[in-house]
Amino acid sequence: MSTEGKVIHCRAAVAWEAKKPLSIEDIEVAPPKAHEVRVKIHYTGVCHTDAYTLSGSDSEGVFPVILGHEGGGVVESVGEGVTEFQVGDHVIPLYTAECKKCKFCLSGKTNLCGSVRATQGRGLMPDETTRFTCKGKPIFHYMGTSTFSEYTVVADVSLVKVDPKPSLQKLCLLGCGVTTGFGAATRTAKVTKGSTTAIFGMGCVGLSVAQGCKANGASRIIAIDVNPKKEKIAREFGATDFVNPKDYPDTPIQQVLVDMTDGGLDYTFDCTGNVNVMRAALEACHKGWGESIVIGVAAAGQEISTRPFQLVTGRVWRGSAFGGVKGKSEMGSLVQDYLDGKLKVDEFVTHTFDFKDINKAFDAMHSGDCIRAVVTVTK
Ligand SMILES: NC(=O)C1=CN([C@@H]2O[C@H](COP(=O)(O)OP(=O)(O)OC[C@H]3O[C@@H](n4cnc5c(N)ncnc54)[C@H](OP(=O)(O)O)[C@@H]3O)[C@@H](O)[C@H]2O)C=CC1
Ligand SMILES: N[C@@H](CCC(=O)N[C@@H](CSC=O)C(=O)NCC(=O)O)C(=O)O
Ligand SMILES: [Zn+2]
Ligand SMILES: [Zn+2]
């Protein structure tokens, strides 16, 4: 029996308040309004950013909320005016929308889209309301995606159709971690052939940066992580060197790297969210041309600092959101790269969990041997 146009009763992992485990609840999901799509979520990854928001450190964090932004699902129904999606399409929700009409999308300079970002940041759909209720209370959306739910509703600008061949259990990682890191190297930094690179933080994002640096022909890819267990996997993803800052207790890590590379690196990447690491990453860049890309998300109130002289003398500090990737225009080519064996995705999935055990996925993420935990939301 079709559920089109009806309220769906299903399960979701609700974050009632910060710092508390998620609670699997029966919720109601309203039908999609105009230019919205209701999606049955099959799989979701758990990203460090979900944990960051749950920790209460996110200045945009609102509760109660359904978190999750690294999902893969199938279109259940579409709202009025939706022409791009049909029931049954395989889709990935996009926390970085692409409307192709706004000032940002038309600029040709950024993948950031202005169409829904303001309401998204307040946990609402573009009409300033929510499609989720639980126990009679409205529940906020998260990053325009809310993939920790059996059904979610997203704006049609916040969704991309993908090839139905690959398993969504793997493809969901293109919804954040893999795309973010790979794109930061290939789109934001545009790492050049033969260049030297260093990546701080070997989680899903940092390993994906390494993969992007290798794809672009970097001659040296130095992986930096405080966890020595990350060396093996970093090398599998293209790292040529591994440095653990704990092995150099008396020397700033930027000095270690400058000494290793005849004056510093062409490109560095922060994939930790630690503002001290961001500074070290900038200062490890080569005088005159080195570029440091900030990817990590720092807690509310944190600020970055360095001596202005670092910039005066030619180092460049840049940021990257969703790897600079335009979700609708470019996701197809990333999926094709995956299908052609040019982009590793499967290798990131180190842990899998049933939906009822989603809190264990958060525990695994903090365990030190997890790259990505993927949760089966519906079969
Ligand atoms: N800009 C964007 O679009 C996006 C940003 N992000 C952000 O990117 C960051 C990385 O995400 P993700 O890969 O999922 O996170 P992970 O936690 O999986 O990876 C971070 C890695 O950095 C290591 N680390 C911590 N401190 C240091 C340090 N001082 N020096 C070197 N390594 C260190 C961690 O080690 P240990 O585990 O031992 O602490 C861990 O291995 C997060 O801040 C996340 O919020 C994520 C996706 C998109
Ligand atoms: N809400 C946060 C900002 C968090 C942030 O920087 N998010 C990244 C994506 S993180 C994915 O895992 C991003 O793309 N930012 C661009 C954007 O438009 O949000 C805060 O207030 O600190
Ligand atoms: Zn993420
Ligand atoms: Zn736009």
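Just so it is clear, the model here is predicted, and its values are computed rather than measured.

Student: Could you give me a rundown of the overall build of the chain, with the residues and numbers involved?
Tutor: Assigned secondary structure in the chain consists of 12 helices and 17 strands. Rg of the C-alpha trace for the chain: 20 Å, near the compact-globule value of 21 Å for 379 residues, within the 12% margin. By principal-axis analysis of the C-alpha atoms, the chain measures approximately 65 × 40 × 40 Å. The 379 residues of the chain split such that 51% are buried. Considering only contacts within the chain whose residues lie at least 6 apart along the sequence, 70% involve residues at least 24 apart.

Student: Residue-level account of helix α5 (residues 177–188), with values.
Tutor: Counted residue by residue, α5 has 11 buried out of 12 residues, so it is predominantly covered. Listed as buried for α5 are Gly177, Val178, Thr179, Thr180, Gly181, Phe182, Gly183, Ala184, Ala185, Thr186 and Thr188.

Student: Before we move on, could you go through the site of ligand 1 and cite the residues and values that matter?
Tutor: Contacts to ligand 1 come from 32 residues, most closely from His48, Gly201, Gly203, Val205 and Gly273. At the level of secondary structure, the elements contributing two or more residues to the shell around ligand 1 comprise α1 (48–54), α5 and α6 (204–215). Among the residues making up the shell around ligand 1, the classes are represented as 16 nonpolar, 14 polar and two charged. Three or more residues apiece are contributed to the shell around ligand 1 by two domains, here domain 1 (8–175 + 344–376) and domain 2 (181–320).

Student: Give me the lowdown on the sheet that holds strand β11 (residues 220–224), citing residues and values where you can.
Tutor: With respect to topology, six strands assemble into an open sheet ordered β12-β11-β10-β13-β14-β15, the strand pairing being parallel. Only two strands of the sheet have a single partner each, and these edge strands are β12 (241–243) and β15 (316–319). If you compare each strand with its neighbour and ignore which way they point, the axes differ by 20° on average. Judged from the four bridges that link them, strand β13 (residues 267–270) and strand β14 (residues 291–294) form a sheet pairing that is parallel. If you follow Phe269 over to β14, its bridge partner there is Ile293. Sitting on the sheet, helix α9 (residues 275–283) touches β10 (196–200), β13, β14 and β15, and the angle it makes with β13 is about 175°.

Student: Any details on the site of ligand 2? Residues and values, ideally.
Tutor: In the vicinity of ligand 2 there are 13 residues, among which Thr49, Ser59, Glu60, Val297 and Ala321 approach most closely. Per-class residue counts for the shell around ligand 2 are seven nonpolar, three polar and three charged.

Scoring rules and cut-offs
- Residues numbered from 1 in each chain as written.
- Chains lettered and ligands numbered in written order.
- Predicted model: local features only at pLDDT ≥ 70, side-chain atom pairs only at ≥ 80, totals over all residues.
- Helix = DSSP H or I, 4+ residues; strand = E, 2+ residues; numbered from the N terminus.
- Rg over C-alpha atoms; globule rule 2.2 N^0.38 Å.
- Buried ≥ 20, exposed ≤ 12 C-beta atoms within 10 Å, placed from the backbone.
- Contact = placed C-beta atoms within 7 Å.
- Near = placed C-beta within 6 Å.
- Nonpolar A, V, L, I, M, F, W, Y, C, P; charged D, E, K, R; others polar.
- Domains from an automatic or database assignment.
- Pairing = 2+ DSSP bridges.
- Axes fitted to C-alpha atoms, helices over the stretch in contact; angles between N-to-C directions.

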